[in-house]
Amino acid sequence: RALSAEDRVRLEVPLMSADDNDVAAALAEARASAPTHGAEFEQVRTYCMFIGYPRSGHSIFGSMLDAHPDALIAHELNALKFVEAGCSLLELYDLVLRNSREFTQLGRRWGDYEYKVEGQWQGRYRRLEVIGDKKGGTSSWLIGSKPELLERLLQLLPVPVRFVHVVRNPYDNIATIARKDTHDLKKAIGFYFSLCRINARIIERMGAEQVLTVRHEDLIAEPIGELRRLAKFLQLEAEASWVSACVAIVAEKPHRSRDAIQWGPAALAAVEKNMPTFDFLHGYEFAGG
């Protein structure tokens, strides 16, 4: 928390939960402010949790949902860390609310990208029915290493939990992880498929009807249809003004990150060998879009 909020956004450091000290500080603030917001959360009927992989396109999905008038989605809150620290239901909701508002005040910038949806409801709401956190890869990793955290979250929440599983072409996803995170292609491949195994277990644990898999490439190809599908899954109305405003921030074509690194035969073979194991990766290929 020694960094300014602007520096956190630029460096992609979470606003509220970068480390244990940040968790403790933010939770103390939530405990002080949560009682004043209790009535605001009475109409919440669904908790939305993102699972997936880093560098896969979660941020645009989370920001578009946060722009919906009846939803509030935190950006990189890392809600499971607060559940692990013993937060109450109202404290968790308060953290989501404050995170969404703070990120909006900072212009919805994250690293090199901006996720502002003009004229919509980011950082605020009309009727709060869906609340949640956009922290995909880390949430999956935490559940994989500490499965009890998922059970604690389910016990804490009095409403159903619905999971949004964001997938991107594995070659692009792995390439970006290698360039920005692991700095090693072999490690990136191993890390990516470890998350695939964890997410497959989450889907099996929760049931396929509670998990919606969305593809980054499908959003770009058919943004209106994908936004309506996402809204239907969360039982939100796909209002025309919300859909059209969200479509305006969708890229025209997927970014082929795979072309920015060197793929040796062993790396390509490793990805090709592992992909068929997971239904949600079917259809992806190196040469494809």
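In case you missed it, the structure is sitting above this.
Predicted, not measured: the structure shown is a model, and the values here were computed from it. (Residues numbered from 1 in each chain as written. Predicted model: local features only at pLDDT ≥ 70, side-chain atom pairs only at ≥ 80, totals over all residues. Heavy atoms only, no water.)

Caption draft 1: Local environment of the overall build of the protein chain. Secondary structure summary: the protein chain contains 13 helices and seven strands in total. For 289 residues, the compact-globule estimate of 2.2 N^0.38 gives 19 Å, and the protein chain sits close to it at 18 Å. By principal-axis analysis of the C-alpha atoms, the protein chain measures approximately 60 × 40 × 40 Å. Here the protein chain holds 289 residues, and 54% of them are scored as buried. Long-range pairs, those at least 24 residues apart, make up 81% of the contacts in the protein chain between residues at least 6 apart in sequence. As presented, the protein chain carries roughly 12600 Å² of accessible surface, and 51% of it is formed by carbon and sulfur atoms. (Helix = DSSP H or I, 4+ residues; strand = E, 2+ residues; numbered from the N terminus. Rg over C-alpha atoms; globule rule 2.2 N^0.38 Å. Buried < 20%, exposed > 50% of the residue type's maximum accessible area, 1.4 Å probe, protein only. Contact = heavy atoms within 4.5 Å. Areas by Shrake-Rupley, 256 points an atom, 1.4 Å probe, with all protein chains shown as cover.)

Caption draft 2: Expanded view of the pairing of strand β5 (residues 130–134). In terms of burial, β5 is a largely internal element, five of the five residues being buried. Side chains V130, G132 and K134 of β5 all project onto a buried face; the interleaved residues I131 and D133 project onto the opposite face, where all are buried too. Judged from the four bridges that link them, strand β1 (residues 46–51) and β5 form a sheet pairing that is parallel. The partner of M49 across the bridge, within β5, is D133. Note that strand β2 (residues 71–75) and β5 share five bridges and pair parallel. Within β5, the residue paired with A71 across the bridge is V130. (Pairing = 2+ DSSP bridges.)

Caption draft 3: Just the packing of aromatic side chains, in detail. On inspection of all chains with the given rule, the structure shows 11 aromatic pairs. Each ring, one from Y113 and one from Y115, has its centre 6.4 Å from the other, and the planes form 35°; the classification is tilted. Ring geometry for Y171 against W263: centres 5.5 Å apart, planes inclined by 70°, an arrangement best described as edge-to-face. In this pair, Y171 sits in helix α8 (residues 170–182) while W263 sits in the loop between α12 (240–247) and α13 (265–274), placing the two residues 92 residues apart along the sequence. The lysine or arginine in question, R124, covers the ring of W121, its NZ or CZ lying 4.3 Å from the ring centre. Between R215 and the ring centre of Y284, over which it is positioned, the NZ or CZ distance is 4.1 Å. (Phe/Tyr/Trp six-rings, centres within 6.5 Å; stacked < 30°, edge-to-face > 60°. Lys NZ or Arg CZ within 6 Å of the ring centre and 35° of its normal.)

Caption draft 4: Quick peek at the pairing of β1. Counting buried positions along β1 gives six out of six residues, so the element sits mostly inside the fold. Residues T46, C48 and F50 point to one face of β1 and Y47, M49 and I51 to the other, with burial holding for every one of them. Direction of pairing for β1 relative to strand β6 (residues 161–167): parallel, over a ladder of five bridges. Of the residues in β6, the one forming a bridge with I51 is H165.

Caption draft 5: Broad picture of unusual backbone geometry. Located in the positive-phi region is N78, a residue other than glycine, with phi close to 65°. Non-glycine residue Q235 carries a positive phi angle of around 60°. As for its position among the elements, Q235 is in the loop between α11 (223–233) and α12. Overall, Q235 belongs to the exposed group, its relative accessible area being 52%.

Caption draft 6: Molecular detail of the side chain of S17. Structurally, S17 is set in the loop between α1 (5–11) and α2 (20–33). Owing to a relative accessible area of 4%, S17 belongs among the buried residues under this scheme. Polar side-chain contacts of S17 include one of 2.3 Å to the backbone oxygen of L77. Non-local contacts of S17, meaning those with residues more than four positions away in its chain, are made with D22, V23, E76, L77, N78 and F82. (Polar contact = N/O pair within 3.5 Å; in protein donor to acceptor, adjacent residues only side chain to side chain.)

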